[in-house]
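# Structural features, examined
Next come the chains, spelled out residue by residue.
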Amino acid sequence: MTIEEVQNEIIDEFAMFEDWEERYQYMIDLGKDLPLIDEKYKTEDNIIKGCQSKVWVHANMEDDKVNFTADSDAIITKGIIAILIRVFSNQHPKDILEANTDFIDKIGLKEHLSPTRANGLVSMIKQLKMYAIAYQTQLN
C-alpha cells in the first residue's frame, strides 16, 4: 500500500467511531499491536526529543524500504507512534519525505491532544522523516 492509501484507511477507521473516547480506546489498542522496538535499541539515542513521554524509535532499511519499530511508556503516546509507524513503515525514504500528514487533521487528532502531546506528535513526525533523510542519502 502507498502512504496515501494507508492514511485513507486510517481516516476511514477513525470515522467509524462516534466520539473521542472511542477513538482514544482505538489508539490504545493500536499501541498494543505496535511493532515493538528491541530492548537493545531502547537507548538515549533513540528517544524522540520533544515528547512529554518517553518514545523510542528505531529504523532500518531493507530492499530500499524503511522499517520502524517503537515503544513508549505512555499508552496514548504508544498509540500515536503506532499510527505514524503504520503510515511510514515499509515505505521508500523518498515517499516518506514527500508525504504530507494532513490525515492527522482529518482524523482530528491534533485538536484532541494536549499542547505538549501535540508538540510530541510533531517531534515524532520530524524524527521519522530524519531517518528517511538519512536512508535517502545512502541511496543517492
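Position numbers for residues start from 1 in each chain and track the written sequence from start to end. Reporting of local features is limited, given that this is a predicted model, to residues whose pLDDT is at least 70; pairs of side-chain atoms are given and counted only at 80 or more, and all residues count toward the totals for whole chains, interfaces and linings. Side-chain measures here rest on the full set of heavy atoms in the structure, leaving out hydrogens and waters.

By the naming in an unreviewed UniProt entry, the protein goes by Cysteine desulfuration protein SufE and is assigned to Winogradskyella thalassocola. UniProt positions are given in the numbering used here, feature names are shortened, and annotations may be inferred rather than shown by experiment. Regarding the protein, the UniProt comment filed under Sequence similarities (unreviewed entry) reads as follows: "Belongs to the SufE family."

Buried residues of nine kinds, namely Ala, Val, Leu, Ile, Met, Phe, Trp, Tyr and Cys, make up a nonpolar core once their side-chain atoms join them within 4.5 Å. Here the term buried applies to any residue with accessible area under 20% of the maximum for its type, exposed to any over 50%, and partly exposed to those in between, with areas from a 1.4 Å probe on protein chains only. Counting residues in each nonpolar core, the largest one holds 43 residues, and the members touching the most others are Val57, Phe68, Ile81, Leu84 and Phe88. For helices the rule is a DSSP run of H or I covering at least 4 residues; for strands it is a run of E covering at least 2, with both sets numbered from the N terminus onward. Of all the secondary structure elements, the ones that give two or more residues to this core are α1 (3–15), α2 (20–32), β1 (55–62), β2 (65–72), α3 (75–88), α5 (102–106) and α6 (115–139). By residue number, the principal contributor to this core is α3, which donates nine residues. Contact definition: two residues touch when any of their heavy atoms are within 4.5 Å. The residues contacting Phe88, other than those within four sequence positions of it, are Ile3, Val66, Phe68, Ile96, Ala99, Thr101, Leu128 and Lys129.

Once that is clear, we can look at α3. A helix is expected to span 1.5 Å multiplied by its residue count minus one. Relative to the 20 Å expected for 14 residues at 1.5 Å per residue, α3 spans 20 Å between its end C-alpha atoms, a close match to the ideal helical length. Taken across its 14 residues, α3 has eleven buried, putting it largely inside the fold. Among all positions of α3, only Ile76, Thr77, Gly79, Ile80, Ile81, Ala82, Ile83, Leu84, Ile85, Val87 and Phe88 are buried. Residue Asn90 follows α3 closely and has a positive phi angle near 65 degrees.

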